[in-house]
Amino acid sequence: MDGKTLPVRAIGTPLDRFDGPAKVTGTARYAFEHPVDRPVYLFGVQATVAVGRITAVHTEVALAKPGVLAVLTHENAPRVASFDDPELVILQTPEVAYRGQFVAGVVAETSEIARLAASMIRVDYEAGPHDVQLRADHPDRYAPEVTNGGFATDSVRGDPEAALADAAVRLDATYTTAWYQHAQLEPHSTIAEWADDRLTLHVGSQGVHRLRDSLATLFGLDLERIRAVSPHVGGAFGGKLHAHPDVVLAVLAAFAVPGRPVKLALTRQQMFSQVGYRTPTVQRVRLGAGRDGRLVAISHEVVQQTARHKEFAEQTVTPTRVMYAAPNRSTTHRMVRLDVPVPTIMRAPGKAPGMYALESAMDEMAIACGQDPVEFRIANEPPLDPELDRPFSTRNLVACLRDGARRFGWAGRDPTPGVRRAAGGWLVGTGVAASMYPVYQLPGSSATIRAEPDGRYVVSIGAADLGTGTWTSLTQIAADALAVPVDRIVLRIGDTDLPAAMSAGGSSGMTSWGSTVVEAARRLRARMAAEHADPPAHGIEASADMPANPERERFSMYAFGAQFAEVRVHEATGEVRVPRMLGVFAAGRIINPKTGRSQLLGGMTMGLSMALHEQCVLDPRFGHVVNQDLAEYHIATNADVGCVEVHTLVEEDPYVNPMGSKGIGELGIVGTAAAIANAVHHATGVRVRDLPITPDRFFSGATAIRG
Ligand code: MOS
């Protein structure tokens, strides 16, 4: 024990999730299921042009339908107070920013009437020319001021161009990733009620306080007049972090029918234009190495899209600033504004697509240098953060690679591509890639803990459980911080009536909320020690804001991992199967090994899905995603996933936070796609540089499978 981290009691125990019985018996209520009196139902009408101006809205037929209470359009909808977030400004002007944008909404006594009446609204447009296609050579590409998360757009050290020109071994390759859509099992849902000058929302949210803050700004309401409640969320993945137009439409409708709770659940099809998505990327990676296999230069450039009406710049090349040693290096983000919905964070924003490109390039470079891909990575391990010249709090990528190689059976692997066959026409290959994810700690959380006379401790913090296990793991942290068993903890989360908390984003929830709860517990124990041996009859409480962690200035803080994959590619059809994946992760202390394993396993499955299946297909003529349902937007299902092994290394990090933990919500997806793509190359000799790896990639001219 280093003395800086909590002693292990509940932390580290693979407890079943406390909300499990409520989930499986259906008593855990998701937003739309919250019981309300006399609900009404809302259905949105979406723009059918990508750019244009509404010239007329014909609502008479819809309004005449029995059961229709209101039709909202830009002509009659309540006005917003702020235009600062253009994504949220709907039904305020006749302008259309992208196809699918809400242009009207129908409120009715039943959901069926609302939907039918919505279909009876006719909107006339004056359409303008639109541009929805991302191209790396787009003439309007530009450098954003900063990326999402506040990262510098560009970085440079040394003279990468000269070093690349002089390098003995060089790689220059371009990789692309697809437009990916959040597809939570629980579609975005809201119940909004405006009564007694107060707005009450039941909503699936990654952070009710930040959601409330955006709506307060948008509508010019005092914070106290909005309550948002979100105890259970059916998947979020970044799509429920920020407010999107769906919740705004629900609030506009609530203002129109005061005293009636308005229920809105997006259809699956509507999700593909309303709740954000991951930008497609075009990434050029250039690597230069000496004959000894030491990198001398790393360059990583991305071109990606944003919406014309609001910028979102994914931090795609940021992992390349951290991963490998090389004296000469540069990274750049370039954006293209298109007439499309606003992209947002999704499943390891930046890291997942960026590491696909970098880790594919590392595989290509290892081969070019005649080195084993595991050893090549180890040989280029940086002693310090290669851009900031400061130590890592802990960095166990090498240990993950070595442990993974041993467990996977990597030793003795024949690097020759396209030579291993299994019965039935399958080519067999194996691949490896690294994973990484930052240890973010976001300010803005506070917690209150109340010791009750019966020996229980009520821990209140506006945290979120997205289905990831917060109800359980935050309870474990509180129990250890108070030195009591978990059954003495009563956790309260997911409500703006609780102390404000930062949202669940960037895998930072446990670090941010956990540090806050530990500090509140420390204060409560100090107070009890000073004032009362036992809690008085009226209870005793203490509150704390999240303390700053000064170690964050001294150290770079990341979790790392190694991803291994075995694939089979059918030589006649190009079908790719993944019978085996193995991930080894070093992510500090794992709060709950059971829910933690589920997160990492889920992340790896998302990575498989990203590698092989998921892809939004855009119709450039109209500017919308055509495969807008789960029949055509393919997500890996059980049958697509073979054996997935998850291992975590023992890692003691006294600097990250009082728990010694690192976020694991997103670590599992990072690197998976590259491990699979690298294994596909090993199986077939075909280097697929465009995700997803669909069968057609193997049968296009020069890259055809060599039989
Ligand atoms: Mo996560 S995509 O940072 O909510």
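The paragraphs below set out a description of the structure included in this document. For clarity, every value in this text was computed on a predicted model and none was experimentally measured.

**As for the overall build of the chain**
Per the secondary structure count, the chain includes 15 helices and 28 strands. Here the C-alpha atoms of the chain give a radius of gyration of 26 Å, agreeing with the 27 Å that 2.2 N^0.38 yields for 707 residues. Overall size of the chain, expressed as C-alpha extent along the three principal axes, is 75 × 75 × 50 Å. The burial tally for the chain puts 62% of its 707 residues in the buried class. Excluding contacts between residues fewer than 6 apart, the proportion of contacts in the chain whose partners are at least 24 apart in sequence is 81%. For the chain, the exposed area adds up to about 25700 Å²; of that, 52% sits on carbon and sulfur atoms. Charged side chains of the chain number 69 positive and 77 negative; the gap between the two group centres comes to 3 Å.

**As for the packing of helix α8 (residues 351-368) against helix α15 (residues 672-684)**
Look at α8 against α15: their axes get within 8 Å of each other, and the N-to-C directions meet at 35°. By crossing handedness, the relation of α8 to α15 is classed as right-handed. Across the interface between the two elements, Met355, Tyr356, Glu359, Ser360, Asp363 and Ile367 from α8 touch Ala673, Ala674, Ala677, Asn678 and His681 from α15.

**A short note on the sheet that holds strand β17 (residues 328-338)**
Taken together, the five strands give an open sheet; going across it, the order is β7-β17-β16-β15-β8, and neighbouring strands pair in mixed fashion. What marks the edges here is a single partner per strand, and that holds for β7 (154-157) and β8 (169-177). Averaged over all adjacent pairs, the angle separating strand axes in this sheet is 10°, with direction ignored. Sheet topology places β8 next to strand β15 (residues 281-289); nine bridges connect them, and they run antiparallel. Counted as the bridge partner of Arg170 is Gly288 from β15. Contacts from α8 reach β8, β15 and β16 (295-307) within the one sheet, and its direction differs from that of β8 by about 150°.

**Some points on the sheet that holds strand β4 (residues 95-96)**
Read across the sheet, three strands follow the order β4-β2-β6 without closing on themselves; strand pairing throughout is antiparallel. What marks the edges here is a single partner per strand, and that holds for β4 and β6 (122-127). Judged from the two bridges that link them, strand β2 (residues 52-58) and β4 form a sheet pairing that is antiparallel. Pairing of Gly52 across the sheet is with Val96, part of β4.

**Details of the packing of aromatic side chains**
Counted by the stated rule, this structure contains 13 aromatic pairs. An aromatic cluster of three or more residues is present, and its members are Trp194, Phe219 and Phe255. Against the face of Phe32 rests Lys263, its NZ or CZ located 4.4 Å from the ring centre.

**So, the nonpolar core**
Soluble globular proteins tend to bury their nonpolar side chains together. With 145 residues, the main nonpolar core has Phe219, Leu295 and Ile676 as its most contacted residues. Within the second largest apolar cluster, 40 residues are counted, among which are Ala451, Ile493, Val517 and Ile540.

**Thoughts on the packing of helix α11 (residues 470-482) against helix α12 (residues 509-531)**
As a packed pair, α11 and α12 sit with axes 9 Å apart at the nearest point and diverge in direction by 30°. By the angle between their directions, the pair α11 and α12 is classed as roughly parallel. When you trace α11 past α12, the crossing you get is right-handed. In this structure, α11 contributes Thr470, Ser473, Leu474, Ile477, Ala478, Ala481 and Leu482 to the contact, and α12 contributes Met510, Trp513, Gly514, Val517, Val518, Ala521, Leu524 and Arg525.

**Comments concerning helix α10 (residues 397-408)**
A rise of 1.5 Å per residue sets the reference length of α10, with its 12 residues, at 16 Å; its end C-alpha atoms lie 16 Å apart and thus fit the reference within 8%. Residues Leu397, Cys400, Leu401, Asp403, Gly404, Ala405 and Phe408 constitute the buried set of α10. Residues of α10 that are buried make contact with α9 (373-379), β19 (426-438), β24 (558-570) and β25 (576-586). After α10 finishes, the residue Gly409 shows a positive phi value of roughly 85°.

**Things to note about helix α5 (residues 208-219)**
With 12 residues, α5 should cover 16 Å at 1.5 Å per step; its first-to-last C-alpha distance of 16 Å lies within 8% of that length. Along α5, the positions that sit buried rather than exposed are Val208, His209, Leu211, Arg212, Leu215, Ala216, Leu218 and Phe219. The elements touched by buried residues of α5 are β11 (198-203), β12 (226-229) and α6 (245-256). The positive-phi residue at the C-terminal boundary of α5 is Gly220, with phi of around 65°.

**Digging into the environment of Phe43**
Its place among the elements puts Phe43 in strand β1 (residues 40-46). Given a relative accessible area of 15%, Phe43 falls into the buried group. Sequence separation between Phe43 and Tyr277 is 234 residues, and the spatial gap between their C-alpha atoms is 21 Å. With sequence-adjacent residues up to four places away left out, Phe43 is seen in contact with Ala104, Gly105, Val106, Ala114, Arg115, Ala118, Thr267 and Gln270.

**What to know about the pattern of salt bridges**
Evaluation of the coordinates by the stated rule reveals 44 salt bridges. The network of salt bridges with common partners includes Asp363, Glu364, Arg687 and Arg689.

**Side note on the side chain of Asp363**
Inspection of the secondary structure puts Asp363 in helix α8. Overall, the relative accessible area of 3% leaves Asp363 in the buried class. Among the polar contacts listed, one links the side chain of Asp363 to the side chain of Arg687, at a separation of 2.8 Å. The residues contacting Asp363, other than those within four sequence positions of it, are Pro373, Arg377, Asn678 and Arg687.

**Observations concerning the state of the cysteines**
Counted under the stated rule, the structure contains zero disulfides. Sulfur of Cys400: no disulfide; nearest cysteine sulfur belongs to Cys643 and is 18 Å away.

**Here's the deal with the pairing of β12**
Strand direction decides the pairing type here: β11 and β12, joined by four bridges, are parallel. In the sheet register, Leu199 faces β12, and the bridge partner there is Ile226. Where the polypeptide runs from β11 across α5 and back to β12, its parallel neighbour, the crossover connection is right-handed.

**Some words on unusual backbone geometry**
Excluding glycine, residues mostly carry a negative phi; peptide bonds, for their part, are mostly trans. Each neighbour pair has its own omega, and for Leu691 with Pro692 the value is -5°, a cis peptide bond. Along the chain, the position of Pro692 falls in the segment after α15. Here the phi dihedral of Asp389 falls at roughly 55°; this positive angle occurs in a residue that is not glycine. Among the secondary structure elements, Asp389 is positioned in the loop between α9 and α10.

**Notes on the side chain of Thr318**
Take Thr318: it is sitting in the loop between β16 and β17. Judged by relative accessible area, which is 6%, Thr318 ranks as buried.

**What about the environment of Glu652?**
Position of Glu652 relative to the elements: it lies in the loop between β28 (643-648) and α15. For the pair Glu652 and Thr5, spaced 647 residues apart in the sequence, the C-alpha separation amounts to 9.0 Å.

What counts as what
- Residues numbered from 1 in each chain as written.
- Predicted model: local features only at pLDDT ≥ 70, side-chain atom pairs only at ≥ 80, totals over all residues.
- Heavy atoms only, no water.
- Helix = DSSP H or I, 4+ residues; strand = E, 2+ residues; numbered from the N terminus.
- Rg over C-alpha atoms; globule rule 2.2 N^0.38 Å.
- Buried < 20%, exposed > 50% of the residue type's maximum accessible area, 1.4 Å probe, protein only.
- Contact = heavy atoms within 4.5 Å.
- Areas by Shrake-Rupley, 256 points an atom, 1.4 Å probe, with all protein chains shown as cover.
- Lys, Arg positive; Asp, Glu negative; His and termini not counted.
- Charge placed at Lys NZ, Arg CZ, Asp CG, Glu CD.
- Axes fitted to C-alpha atoms, helices over the stretch in contact; angles between N-to-C directions.
- Left-handed = near helix turned anticlockwise from the far one by under 90°.
- Pairing = 2+ DSSP bridges.
- Phe/Tyr/Trp six-rings, centres within 6.5 Å; stacked < 30°, edge-to-face > 60°.
- Lys NZ or Arg CZ within 6 Å of the ring centre and 35° of its normal.
- Core = buried A, V, L, I, M, F, W, Y, C linked by side-chain atoms within 4.5 Å.
- Parallel < 35°, antiparallel > 145°, perpendicular 65-115°, else oblique.
- Expected span 1.5 Å × (residues − 1).
- Salt bridge = Lys/Arg side-chain N within 4 Å of Asp/Glu carboxyl O.
- Polar contact = N/O pair within 3.5 Å; in protein donor to acceptor, adjacent residues only side chain to side chain.
- Disulfide = S-S within 2.5 Å.
- Right-handed = clockwise from strand over helix to strand, strands pointing away.

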